[in-house]
Every structure is written in C-alpha cells, then in structure tokens.
Amino acid sequence: MVENWYPVVDFSLCNECLICVNHCPHGVYDKEKDLPSVINPDNCIDGCHGCQSKCPENAINYFGDNQSAAGTGCGCGCTSC
C-alpha cells in the first residue's frame, strides 16, 4: 500500500455502474455512495489495475501510473491484474 498510487475516476466517462467499487477488495472506494468515490487511496496496492480492468467505460486511471506495470500483475489477489 502506497501513497503515490491510487485510482482516479474520470466522471465525464463514468456511467456510475459501481463495478469498480464492488470489485475492489482493498477498501479504496466508499461503498455507501452512489458513485465511485475514492476515500482510502493509501489502501490501493502499488501496480494494481483491478478496478481499471473491470471498468466498462475505461474511466479509471491511476495517479503514479507509468504504464510499465500494466498487465504484469501486482500480486494483490484481486484476480484482475
């Protein structure tokens, strides 16, 4: 868990389906909201692209992403990296 890696939702693309919220096992998103709100960015695992890979609108990017780790698997156990 790191401070320089977390999801950033582009709400101009997001359809508010909450797939990302329901998929993330790390408690990054607020499950009480009707839209994907990142409330615990430090809980995100460095290199995890789990919620991004599930997003049907490609509305999620990551602060700190240099694109070199994409698809390599972060080992967080979410089964989508």
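Only a predicted model underlies this, so the values are computations on that prediction, with no experimental measurement involved. (Residues numbered from 1 in each chain as written. Predicted model: local features only at pLDDT ≥ 70, side-chain atom pairs only at ≥ 80, totals over all residues. Heavy atoms only, no water.)

> What is the right way to look at the overall build of the protein chain in this model?
The helix and strand inventory of the protein chain stands at two helices and two strands. Going residue by residue from the N terminus, the α and β elements of the protein chain occur as β-α-α-β. The buried share of the protein chain, taken over its 81 residues, is 37%. Long-range contacts, defined as pairs at least 24 residues apart, comprise 61% of the intrachain contacts of the protein chain with a sequence gap of at least 6. Accessible area of the protein chain: about 4,700 Å², with a carbon and sulfur share of 46%. (Helix = DSSP H or I, 4+ residues; strand = E, 2+ residues; numbered from the N terminus. Buried < 20%, exposed > 50% of the residue type's maximum accessible area, 1.4 Å probe, protein only. Contact = heavy atoms within 4.5 Å. Areas by Shrake-Rupley, 256 points an atom, 1.4 Å probe, with all protein chains shown as cover.)

> Help me understand the packing of aromatic side chains in this model?
Aromatic rings in a pair are described by how distant their centres are and how their planes are angled relative to each other. Counted under the stated rule, the structure contains two aromatic pairs. Seen from their ring centres, W5 and Y62 are 4.9 Å apart, and the 10° between their planes marks the pair as stacked. Taken together, the residues W5 in the segment before strand 1 (6–9) and Y62 in strand 2 (residues 60–63) connect sequence positions 57 residues apart. Each member of the pair, W5 together with Y62, is buried. Ring centres of Y6 and F63 lie 5.0 Å apart, and the angle between their planes is 20°; this geometry places the pair in the stacked category. (Phe/Tyr/Trp six-rings, centres within 6.5 Å; stacked < 30°, edge-to-face > 60°.)

> Help me out: how do you make sense of the environment of C74 in this one?
Turning to its location among the elements, C74 is positioned in the segment after strand 2. By relative accessible area, C74 is classed as partly exposed at 22%. Setting aside its immediate chain neighbours within four residues, C74 contacts I45, D46, G47, C48 and C81.

> How do you make sense of the side chain of H23 when you look at a structure like this?
By secondary structure assignment, the location of H23 is in helix 1 (residues 19–23). If sequence neighbours within four positions are ignored, H23 has contacts with G50, C51, K54, C78 and S80.

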